[in-house]
Amino acid sequence: MSELRIVGLVGNPRPESRTHGLARTLTAELARVLPSAAAAEVDLAPLGPRVLDPADTAASAAADQVLGADLLVVASPTYKATYSGLLKAFLDRLGTGSLAGTAAVPVLLGGAQNHRLAVDVHFTPLLLELGAAVPARGLFVLESEVGDFGSFAAAWAGAHASALLAASRAAAQPLVST
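The following paragraphs examine the structure supplied in this document.

Thresholds, definitions, all that
- Residues numbered from 1 in each chain as written.
- Predicted model: local features only at pLDDT ≥ 70, side-chain atom pairs only at ≥ 80, totals over all residues.
- Heavy atoms only, no water.
- Core = buried A, V, L, I, M, F, W, Y, C linked by side-chain atoms within 4.5 Å.
- Buried < 20%, exposed > 50% of the residue type's maximum accessible area, 1.4 Å probe, protein only.
- Helix = DSSP H or I, 4+ residues; strand = E, 2+ residues; numbered from the N terminus.
- Contact = heavy atoms within 4.5 Å.
- Pairing = 2+ DSSP bridges.
- Axes fitted to C-alpha atoms, helices over the stretch in contact; angles between N-to-C directions.
- Expected span 1.5 Å × (residues − 1).
- Salt bridge = Lys/Arg side-chain N within 4 Å of Asp/Glu carboxyl O.

Quick look at the nonpolar core
(1) Moving on: Leu9, Leu44, Val66, Leu72, Leu87, Phe90 and Leu91 are the most contacted members of the largest nonpolar core, which has 33 residues in total.
(2) Moving on: Those elements that provide at least two residues to this core are β1 (4–10), α2 (57–67), β3 (71–77), α3 (85–91), β4 (103–110), α4 (118–129) and β5 (139–142).
(3) Moving on: If near-sequence neighbours (up to four positions away) are discounted, Leu72 is found in contact with Val7, Leu9, Val66, Leu99, Thr102, Ala103, Ala104 and Val105.
(4) Moving on: Ranked by size, the runner-up nonpolar core spans 27 residues in total, among them Ala23, Leu30, Ala161 and Leu165.

Printed below as a string of structure tokens:
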């Protein structure tokens, strides 16, 4: 069996943000419970507006790393009841369907309970448009829950590992015509 590549993609414009911590924690927990898994991360904060430049080599390398993932943890703060503009600008570099073969977990960090549905209403459809499989509901984490996220992430990863693994394997299988 080949190594399962898990990539945490962080769309917060501030480096080493709480959002980054959530992505890092969930990615590490998934790597712990999934067989033959290796974790990496792409933090968009250092790239900033460079994500808008199609010729930028660092942004292109980040896109290549995301496109090479088998399992993608995509994390963003909640801005105006949806994901960050930085994340959207970066994902606009990817073509429709380019995440085919990738399972994804959308994660939003928010300050208000009334934005809880944003992960399912706005974020998941974006990942589906890019071709990713989203086999489990996205995670919405309130700022007040950040301190307890480690234990939550461990339990969540254990409970959803088989579905994520199956989705990444199924998505990676070529379609066979009969």
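There's more to say after this.
Observations concerning the sheet that holds β3
(1) Moving on: With parallel pairing, 5 strands are arranged side by side in an open sheet as β2-β1-β3-β4-β5. Every other strand in the sheet has two partners, leaving β2 (37–43) and β5 as the edge strands with one partner each. Strand-to-strand twist in this sheet, taken as the mean axis angle between neighbours without regard to direction, amounts to 20°.
(2) Moving on: Two strands pair when backbone bridges link them, and β4 and β5 are joined in this way by 4 bridges, in the parallel orientation. Residue Gly110 lies in a different strand from β5, and its bridge partner there is Leu142.
(3) Moving on: Across the sheet, helix α1 (residues 18–33) lies against β1, β2, β3, β4 and β5, angled at about 160° from β3, the strand it touches most.
(4) Moving on: Sheet strands touched by α2: β1, β2 and β3. Its angle to β2, the strand with the most contacts, is close to 145°.

Regarding α4
(1) Moving on: Compared with the 16 Å implied by 1.5 Å per residue over 12 residues, the 16 Å span of α4 between its first and last C-alpha is a close match.
(2) Moving on: Positioned one or two residues after α4, Gly131 has a phi angle of 100°, which is positive.

Considering the pattern of salt bridges
Two side chains bearing opposite charge may form a pair once their charged atoms approach each other closely.
(1) Moving on: Taken as a whole and assessed by the stated rule, the structure comprises 9 salt bridges.
(2) Moving on: Glu41 is paired through a salt bridge with Arg24; the nearest N and O atoms lie 2.8 Å apart. Taken together, the residues Glu41 in strand β2 and Arg24 in helix α1 connect sequence positions 17 residues apart.
(3) Moving on: Owing to a relative accessible area of 34%, Glu41 belongs among the partly exposed residues under this scheme.
(4) Moving on: Between Lys88 and Asp92 there is a salt bridge whose closest N-O contact spans 2.6 Å.
(5) Moving on: Residue classification places Lys88 among the partly exposed positions, given a relative accessible area of 30%.

By themselves these figures say nothing about function.
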